[in-house]
Amino acid sequence: MTESDKGRLNDLTSWKEIADFLGVTDRTAQRWASERGLPVRRLPGGRGRVLASREEVAAWRDATLKRAGRWSNVQFLRRYAMICTVLLAVSIATILVLFIRLNPSSLPSTYKIENDMLVVLDSRGRELWRKVFEAGLDAHSYTATGMSEENKVWIGDVDVDGRLEVILLYRPRDYSASRDMLICYSDRGMEKWRFIPGREVETSNEQFSNNFTLKQFGVFRRAEERGMGIVVCSVVVGLFPTQVALLSPAGELLREYWHSGLLDQIAFLDMEGDGRSEIYLGGINNARKQATLVVLDPESMEGASTEENPAHQLKGFPAGNERARVFFPRTCINRKFHPYNMVRGLTVFSDSLQVSVVERLHVPMNVFYVLDSNLEVRIFDYGDGLRAYHKELASSGQLDHELTPEEEEDAMRNIEIIRPIKR
C-alpha cells in the first residue's frame, strides 16, 4: 500500500464522518468549521463535499477543545465558589434569625429609667444596652405622676424587617441644652433616626415660638400596602396649638395636622371595617373651650382646624382635612368651676370607642361616652364620682339644684359632630 493510499484511508470525506470522529452532531461540526477553525476542506462539485485529515482534526481537537474544557472548568469552579458563598451567607443569616427567635432573651423586651439613662432589658431582666444623655433625662416625666405609662418607650418591629426597634419619647432635664424629640434605636442600641417636633406658627394676633413639648406618640398599622406609621402629638408650651405629625418607619415627616388646642390622647381603630385604621385624638379645643375628639385619615390628614374665633385660627395652612370633629357638652359642675372640660382617656373596643371626659381637674369626676362607628352616642354614663360630688355640692349650697338624670343626661348626650365637606 502506497503512502497515498494510507493518506486516503485517514481522510474524513463527509460531515457525518467528521462529526462521528469528534463525537458531535453534523450541525455542531459545521459550526466549529465556520466559527472555530476546524480544519475542513470544501471540495468542488456537489454541495456539501468536504475533506478532512484525521490527524489534523485530532490535533485541532486536542489543541482547541481541551483548552476550552480547561476554561470551562475554571468557569465552573468560579461559579461553584460563588454559589457556595451565597449559600453560606444565607445559611448564616437563617441561623442568626432562628437563634434570635428561639432566644428571645437576646432581644429588647422592657426598659427602665436610671437618673439620666435609658436602660434596655431583655425578657429575663438582663441589661442589653444603655444610653446616657448629655442634657440629662427628666426622670419625673417617666414616673406614674408624669407621662402615662404607655407613651414613654415603644418596642417593636416598626419597619417590618424582622428586627426590633426601640422608640423613646425623649424629654431632657436641661431644656437650655436640648429639646423634646422622638429617637429610634436598633435592637443593639444604635441610633437610627430622631424627630424634633414643631415649627414657628401664628394667629392674627399671636406668634408662637418653636418650643414644643412632645406629649404623646403611637405606632399603628396603616393600609396594608403602606406598612407602619407613627403619630406624634406635640404642643407649644402653654397648651396651644398642637402639631399632629405622621412619620414613616424611617422617621420622615409624611403629613401634619394642626389643632387650636391640646390633643394628647391617641387611639387607632378601624371602626368602618375597611382594613384602614383611623387616628382618634382627644383633648381640648381652646376656641370653644370644650372637650374634643378629632378623627383623621392618615392618608389625607393636612391643614389646620377651622375656628370661628380668629384669635385661635392658625395662619398659613389650608383648612383642616379631618374625617370628623366631635365636641362634648360641659356639665353644670364644669361650667361653675372650670373654663373647659377635656378628654382624658380613649379606650378602643372592636367596633366602638369609649371617651372619658374630665369635668373637674384633680377630682375623680368623669363622664363616659361609648361611640359607634358613625360617632353616635351608643352609651352615656355619669361616673359614680360625679353623682356623689354633685350631691355634695348641692347639699352645701355650691349648686342650686339636684342632679336630674332625665334633663341633664339628655343634654349631655347631645354631642356636636362636624364632618367637613370632602375635597
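Look up a bit, the structure's there.
What you see is a predicted model; the values in this text were computed from it and never measured.

Asks: Describe the environment of Arg378, naming the residues involved and giving the relevant values.
Replies: Within the fold, Arg378 resides in strand β24 (residues 377-382). For Arg378, a relative accessible area of 42% gives the class partly exposed. Considered as a pair, Arg378 and Arg413 are 35 residues apart in the sequence and their alpha carbons are 9.5 Å apart. When sequence neighbours within four positions are dropped, the list of residues in contact with Arg378 reads Asp351, Ser352, Val370, Leu371 and Asp372.

Asks: Break down helix α6 (residues 384-395) for me, with residues and values.
Replies: With 12 residues, α6 ought to run about 16 Å at 1.5 Å a step, and its terminal C-alpha atoms sit 17 Å apart, in line with that. Within the sequence span of α6, burial applies to Leu386, Tyr389, His390, Leu393 and Ala394. Down the axis, α6 shows its buried residues gathered within 135° of arc, on one side only. Facing away from the buried side of α6 by over 90 degrees, the exposed positions are Asp384, Lys391, Glu392 and Ser395. In this structure, the buried side of α6 is in contact with α5 (332-337), β23 (366-371), β24 and α7 (405-413).

Asks: Which residues make up the sheet that holds strand β10 (residues 191-195), and what values go with them?
Replies: An order of β7-β8-β9-β10 is seen for the four strands of this open sheet, with the pairing classed as antiparallel. The two strands at the open ends of the sheet, each matched to only one other strand, are β7 (153-156) and β10. When strand polarity is set aside, the average angle formed by the axes of neighbouring strands in this sheet is 15°. With four bridges connecting them, β7 and strand β8 (residues 165-170) associate as antiparallel partners.

Asks: Can you explain the pairing of β23? Please cite residues and give values.
Replies: Judged by how many residues are buried, β23 sits mostly within the fold: five of six residues are covered. Sheet analysis places strand β22 (residues 353-358) next to β23, joined by six bridges and oriented antiparallel. Paired with Val357 across the two strands is Val367, which belongs to β23. Relative to β24, β23 runs antiparallel, the two sharing five bridges. If you follow Phe368 over to β24, its bridge partner there is Asp381. Hairpin geometry of β23 and β24 is characterised by an intervening segment of five residues between the two adjacent antiparallel strands and by a positive phi of about 70° at Leu375.

Asks: Which residues make up the nonpolar core, and what values do they have?
Replies: Counting 31 residues, the largest nonpolar core has Tyr280, Leu293, Phe328, Leu353, Val355, Tyr369 and Leu371 as the members making the most contacts within it. Once residues lying within four places of it in the same chain are set aside, the contact partners of Tyr369 are Phe328, Pro329, Leu353, Gln354, Val355, Val357, Val377, Ile379, Phe380, Met412 and Ile415.

Asks: Could you give me a rundown of the packing of aromatic side chains, with the residues and numbers involved?
Replies: Across all of its chains, the model carries 10 aromatic pairs by this definition. On the numbers, 5.6 Å between centres and 45° between planes, the contact of Trp32 with Trp60 is tilted. With Trp32 in helix α3 (residues 26-35) and Trp60 in helix α4 (residues 54-102), the pair connects residues that are 28 residues apart, well separated along the chain. Here the two residues Trp32 and Trp60 agree in accessibility, since each one is buried. Chaining the aromatic ring pairs together yields one cluster made of Phe328, Tyr369, Phe380 and Tyr382. Sitting over the face of the ring of Phe337, Lys336 holds its NZ or CZ atom 5.8 Å from the ring centroid.

Asks: Give me the sheet that holds strand β14 (residues 228-236): which residues, what numbers.
Replies: Pairing in this open sheet of four strands is antiparallel, and the strands run β13-β14-β15-β16 from one edge to the other. Both outer strands of the open sheet, β13 (212-221) and β16 (253-259), are each paired with one neighbouring strand and no more. Between one strand and the next, the sheet's axes are offset by a mean angle of 20°, whatever the strand orientation. With six bridges connecting them, β14 and strand β15 (residues 242-247) associate as antiparallel partners. Looking at β15, one finds that Val231 is bridged to Leu246.

About the criteria used
- Think of each chain on its own: its residues are numbered from 1, step by step along the sequence as written.
- Per-residue local features are limited, in this predicted model, to residues with pLDDT of at least 70; the limit for side-chain atom pairs, both in listing and counting, is 80 or more; totals at the level of whole chains, interfaces and linings are taken over all residues.
- Processing note: side-chain calculations cover all non-hydrogen atoms of the structure and skip hydrogens and water entirely.
- Per the convention used, a helix needs a DSSP run of H or I reaching at least four residues, while a strand needs a run of E reaching at least two, with both numbered from the N terminus.
- Remark: exposure states derive from per-residue accessible area (1.4 Å probe, protein chains only) relative to the maximum for the residue type, with buried under 20%, exposed over 50%, and partly exposed in between.
- By definition, residues are in contact when any of their heavy atoms lie within 4.5 Å.
- For a helix, the expected span equals 1.5 Å multiplied by the number of residues minus one.
- Directions pointing from the helix axis toward each C-beta atom define the arc.
- The pairing criterion is simple: DSSP has to find at least two bridges between the two strands.
- In this description, a line fitted to the C-alpha atoms serves as the axis of each element, helices being fitted only across the stretch in contact, and the angle between N-to-C directions of two axes falls anywhere from 0 to 180 degrees.
- Think of a nonpolar core as a cluster: buried Ala, Val, Leu, Ile, Met, Phe, Trp, Tyr and Cys residues, connected wherever their side-chain atoms sit within 4.5 Å.
- The rule is short: rings of Phe, Tyr and Trp, with Trp giving its six-membered ring, pair when the centres are within 6.5 Å, and they are stacked under 30 degrees, edge-to-face over 60, tilted in between.
- We call a charge positioned over a ring when the NZ of a Lys or the CZ of an Arg lies within 6 Å of the ring centre and within 35 degrees of the ring normal.

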